[in-house]
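Read off the chains here:
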Amino acid sequence: MKRRGGLVGRGHLLCSLLQCLITTLQLAGTLEVQMGSRMIVFLNQDVWLPCNISGYNNRELDIQKMAVTWSLRIPGGSTENTLYSVVSGKHTSYRHGLQMDESKLKRGNAELILPQIQINEEGTYVCSVIVTPDKAEGTKMIEIVAQPAVILSPKEITIERDREKTLSCAVRNFYPDLIDIRWQKDSKQTPNKSVSAEEICTGSSVENGDGTFSVTSKLRLLPSLQDNGNIYSCIVDHKSFSTKQVFSAILTVTDLPQNLGWLAGVVAGLIAMCGFAAFLYYWLFMKIQPTLLAFIGNTELKHMEDSELQCLISGFRPKPLDVAFFIMKSNNEKQKIFSWSSKTSDAESRDEDHPLLTKCEAIKVYATLKEEKRQIFQVSCKIHIVPDVNQLDKFELSLEVRHGALPHGLLVKTASFKVTAPPSLDPIWCSTDMPISEEIMTLHCKIHSYFPQTIDVHWSIDDEQLPEEPFLSEPKKGTNGLFFCTSSIKYLPKAADSGKRLICKTNLRGSHHCKESVWTMKTVVCRPKISQIDCEPSVPECAKAITLSCSVKDFSPSKCDICWRRGFEKLTHAQINTEEPYLDTTSNLYCMKSQASFTPKSEDHGEEFVVEINHCNKITRYMHRLMLKGFPNISDIIVDPSDAEYGIPLSFTCRVLDFYPQNINIQWFCGDDLVSKDVLTEWLTMDQKDSFSLLSRLQMKPTALDYDKKICCKVTHKTLTKPITKSLYLNLPAKPPIVSEIKEISEQSGKFCYEISITDFAPCHIQVVWFKDWKKLSEVNDPSDILIEENKLCSFTSKIKINRKESDLGKTIRCDVYHRQTNSFQEKSFVLKNKDFCTTLEQIPILPPVHMGTSISDRVISEKVLTPLKIECITSSPKSGENVRLRCLVHGIKADDAYVSWYKGLFPVDQRIDNINCNDGSSFISYVTFKTEEEEQKCEIRCEVTMDVEHWEEIYILELRKSNITRSE
């Protein structure tokens, strides 16, 4: 059989192997393939052929143990031509451009992508699937249609009465070859719209080179004056049209001049005499203008994919013809990219191929010149475009044809094109490896390599769209000129979602072709609901058997381990009876029960018996305190008021019930300290069981030193082998410190003392660090001489003494105060003044205020302070890939008088910069925060300060540690 168009060989060897495999296995047929029955597509359209596989056992197919073959049955043929195959993971294509997505195949979707389908690829497509040891097969009939181009000429008809003229309706490039062409007349004189069949001549359809057909129908007109204004319509009905198409022309009839009647005889004679000559001229020498069909094909092109367009210039005489192609990009600049002339070809050649002169590498054009009968010529052009969005995103192609028979010598056709790149999707990433029922999880999908930047994104679970609107990050353009972004959505899984597919679908806005990425939900974990531990009998007694039981309900998956413990030790002396999990048909979740039976001893009184449930590596513990009859029963400690505050009286109450004999010892502890004061004991009346009860109360006013302390009530009794304790932790608020300004105190020894007051903070953990400029002078962590003030909060005064030198002039004393629990960081600074220690701004000799017109030579500047800048990194242990904060102290200048710029290497730091004046206004500090790069180990930071005509700068080398955090895309 002769191969045509894009259809290639049959792959006989592969077919033989597959048929052999099918015959040998004698497959059971449990596999199913769904494809649908019929599909109608347009010529040159990209086709997605579905083939959904079902009926296999595993959630994902093993492509190493399966085979898929796509083949085509030509209508009227008895054999199949193999198009594409996947055998044991190996892909083989027998037709250019065919594609199959292996990731979809693993999920049971053997969809075949058939680009730019041709006429000879119409037929029945067969999808054969073998999943060892089963086989299934599905078919889908593809019908191809090509919409005809209809040209009615002329559109306006002017005829003298009783003269004859022909109206032509040319229908070109249609498929299939089933078309209905009718003529209709609309006249003011009569409602009858029919046209006599004798006046109509419709030729037979002619097959074109690409498999489409063309046909021409003509209507002969011999009108009278009454026919003036008639409308003649050519009505075309074809399978590719949704409705019948109507193409109309208006008839204008004119009368013959009355005084030229005698001329008719003369003309008739001349016609008779010249008939033969006219016939020869018309047949062989008359100029015929070319008919132009331009830019047949898709106007939406794919990025970096080869697309083909066709142009046909037909039916012209004489041979000389010039062709030029122009491109107009988005900047409206028109440029000639191709040119060709038939004059350069051999006049005697009947089949000539001439490539056009290429000036654009992305576009190649080839022209073929053919001579038909009666010295009529035809030129066909094939245009191959491989567009790159970085060069051609939107453009126009223009074809100019120059020929002597054209009215103005020129015929122009223009078409607009746009270039797109369909999005690609990375695998979906989930925020958790273990979906848990009723716990929100987040799904992320990176979408990339698309153009233009407007896309639509939809998330669904199986075939049901999720109601929540997904988040889509701002699209960014990559180095390849294509866009990328990330889509995220939050989802609350349910137990029934196990095994379902969460799908991210995306498409370019306006396009119906979607790409998708799929994430299959693993088994959704439903955390067990655990009942309180029940004791039988409800009032247990020493030396009498008891049973502790617990119910575990509504969990999934079914594996669940239960362990009973006494305190933290495994309960070994009990008989444990744990049921196997069973499925509750109502909730479709699992349930189970567990019991521990044993005989309690006296030392078991007050002990905590714990049931420990381990489900999906999460351990949940429920406790039951065993209180035996005849032993003291101790309640939990009650705090009043529950919202504790410093200096406000607190009361802790514990009840001790049902003990005998009366002698009992109760002790209260605050932390490790025994509290003997403010403890009250109130005896309750003896009840009918001849047992005693009491109420013990501890009262206290908490201070900052009591933050998070443990309060414990310890009970000792004759019946107890060891004391029973109840405890709780004080829930007191943390309060940040109030930090005063630095004070300077002069001493007789010549030293100066600088002190700062830190008050009203809790708890007492605090860090104080003193600096002179950037040099650390002292550091105190959790000082021991912290005081408790009347408000029961902490107070601390930090001091430092230094010997003042003349070189210290202009330096800064700084104190940093850090409070851990509140994460409070405060900084105070004090600028050292002149040697007389005057605190007035006017006596500072460093960098006096700048006035317009003042030169540097007019100023009195200390030679020791030529560069008034000093940079320091205030981020502890700065790491690569993380935020870093630096500051620069600028001496003798106010922030409002200067312009500050920060640079990292050669590039300015555009992130946050804060300039803050010192308290006395003599200097200011500039802060900058920026994020370092992932791989940086060292970088150069520069601070530049400009004031009028003066400029200062300082360079700081920032050394970075490698971050322990691993970041992923």
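Values in this document were obtained by computation on a predicted structure and should not be read as measured data. (Residues numbered from 1 in each chain as written. Predicted model: local features only at pLDDT ≥ 70, side-chain atom pairs only at ≥ 80, totals over all residues. Heavy atoms only, no water.)

A. Seen up close, the state of the cysteines. In the structure shown here, the tally under the stated rule is two disulfides. Covalent S-S linkage joins Cys51 and Cys127, the inter-sulfur distance amounting to 2.2 Å. Judged by the torsion about the S-S bond (-80°), the Cys51/Cys127 disulfide is left-handed. With Cys51 in the loop between strand S3 (47-49) and strand S4 (52-54) and Cys127 in strand S9 (residues 123-131), this pair connects stretches of sequence that are 76 residues apart. Cys127 matches Cys51 in its accessibility class, with the two residues each being buried. Between the sulfur atoms of Cys169 and its disulfide partner Cys234 the distance amounts to 2.2 Å. Every disulfide takes its handedness from the sign of the S-S torsion; for Cys169 and Cys234 that torsion is -75°, giving left-handed. In this pair, Cys169 sits in strand S13 (residues 165-174) while Cys234 sits in strand S18 (residues 231-238), placing the two residues 65 residues apart along the sequence. Within the protein chain, bonded cysteines paired by disulfides and numbered along the sequence follow the pattern 1-2, 3-4. (Disulfide = S-S within 2.5 Å. Helix = DSSP H or I, 4+ residues; strand = E, 2+ residues; numbered from the N terminus. Buried < 20%, exposed > 50% of the residue type's maximum accessible area, 1.4 Å probe, protein only.)

B. Examining the pattern of salt bridges more closely. Enumeration over the complete set of coordinates arrives at 40 salt bridges. A salt bridge links Glu80 to Arg73, with the nearest nitrogen and oxygen atoms 2.4 Å apart. Here Asp561 makes a salt bridge to Lys559, at a shortest N to O gap of 4.0 Å. One connected set of salt bridges, linked through shared partners, spans Arg814, Asp816, Glu827, Glu872 and Arg887. (Salt bridge = Lys/Arg side-chain N within 4 Å of Asp/Glu carboxyl O.)

C. Unusual backbone geometry, seen in detail. Geometrically, the link from Tyr175 to Pro176 is a cis peptide bond, its omega value of 5° lying close to zero. For Pro176, the location among the structural elements is in the loop between S13 and strand S14 (179-186). Even without glycine at this site, Glu438 takes up a positive phi of about 65°. Here Glu438 is to be found in the loop between strand S31 (429-430) and strand S32 (441-450).

D. How the structure looks around the pairing of strand S33 (residues 455-461). Taking burial as the measure, the seven residues of S33 include five buried ones, the bulk of the element. Note: S33 against strand S38 (residues 501-508), seven bridges, orientation antiparallel. Within S38, the position partnered with His458 by the bridge is Lys505. Relative to strand S34 (residues 464-465), S33 runs antiparallel, the two being bridged by two bridges. Directly across from Ile461, in S34, lies its bridge partner Glu464. The turn linking S33 back onto S34 is made up of two residues, and Asp462 within it adopts a positive phi angle of 55°. (Pairing = 2+ DSSP bridges.)

E. Main features of the side chain of Lys828. Mapping Lys828 onto the fold places it in strand S67 (residues 824-831). A distance of 3.3 Å separates polar atoms of two side chains, one belonging to Lys828 and the other to Glu741. (Polar contact = N/O pair within 3.5 Å; in protein donor to acceptor, adjacent residues only side chain to side chain.)

F. Up close: the environment of Phe377. Within the element layout of this structure, Phe377 appears in strand S27 (residues 377-385). The exposure class assigned to Phe377 is buried, which follows from its relative accessible area of 8%. Through-space distance from the C-alpha of Phe377 to that of Pro318 is 7.6 Å; in sequence the pair is 59 residues apart. Those residues within four positions of Phe377 in sequence are excluded, and the remaining contacts are Ile313, Ser314, Gly315, Phe316, Pro318, Lys319, Leu369, Lys370 and Glu371. (Contact = heavy atoms within 4.5 Å.)

G. Summary view of the sheet that holds strand S54 (residues 673-675). Here four strands make up an open sheet; going across it, the order is S54-S53-S57-S58 and the pairing antiparallel. With one partner strand each, in any of the chains shown, S54 and strand S58 (724-729) form the two edges of the open sheet. Taken pair by pair, the neighbouring strands of this sheet meet at an average axis angle of 25°, ignoring direction. As paired elements, strand S53 (residues 664-670) and S54 share three bridges and run antiparallel to each other. (Axes fitted to C-alpha atoms, helices over the stretch in contact; angles between N-to-C directions.)

H. Region of the structure containing the sheet that holds strand S69 (residues 883-890). Read across the sheet, four strands follow the order S68-S69-S73-S72 without closing on themselves; strand pairing throughout is antiparallel. This sheet does not close on itself; its edge strands, each paired only once, are strand S68 (869-873) and strand S72 (913-917). The mean inter-strand angle of the sheet, taken between neighbouring strand axes irrespective of direction, is 20°. Note: S68 against S69, five bridges, orientation antiparallel. Counterpart to Leu869 in the pairing with S69 is Val890.

I. Quick peek at the pairing of strand S42 (residues 546-555). When strand S40 (residues 529-530) meets S42, the two strands line up antiparallel, connected through two bridges. Following the sheet pairing, Lys529 is matched in S42 by Lys553. By the bridge criterion, three bridges tie strand S41 (residues 534-536) to S42 in an arrangement that is antiparallel. Opposite Glu536, over in S42, you have Thr547 as the bridge partner. Judged from the eight bridges that link them, S42 and strand S47 (residues 589-598) form a sheet pairing that is antiparallel. Residue pairing in the sheet places Thr547 in a bridge with Ser597 of S47.

J. Geometry of the packing of aromatic side chains. Taken as a whole and assessed by the stated rule, the structure comprises 15 aromatic pairs. Relative to Phe338, the ring of Phe325 lies with its centre 6.2 Å away and its plane at 80°, an arrangement referred to as edge-to-face. Linking Phe325 in strand S23 (residues 322-329) with Phe338 in strand S24 (residues 334-341), this pair joins segments that are 13 residues apart in sequence. On the accessibility criterion, Phe325 (1% relative accessible area) is buried. Aromatic ring contacts, followed pair by pair, group Phe295, Phe325, Phe338, Phe395 and Phe417 into a single cluster. One cation-aromatic arrangement involves Lys334 over Phe326; the distance from NZ or CZ to the ring centre is 4.7 Å. Directly above the ring of Phe484 sits Lys446, whose terminal nitrogen or CZ lies 5.3 Å from the centroid. (Phe/Tyr/Trp six-rings, centres within 6.5 Å; stacked < 30°, edge-to-face > 60°. Lys NZ or Arg CZ within 6 Å of the ring centre and 35° of its normal.)

K. The arrangement of the confidence of the model for the protein chain in detail. Taken over all residues, the pLDDT of the protein chain has a mean of 82, while the share at 70 or more is 86%. For residues 835-867, every residue scores under 50 in pLDDT, and the model assigns this stretch 36 contacts once sequence neighbours within four places are set aside. The model gives residues 965-969 a pLDDT under 50, and that stretch makes five contacts with residues more than four places away or in other chains. (pLDDT = per-residue confidence, 0-100.)

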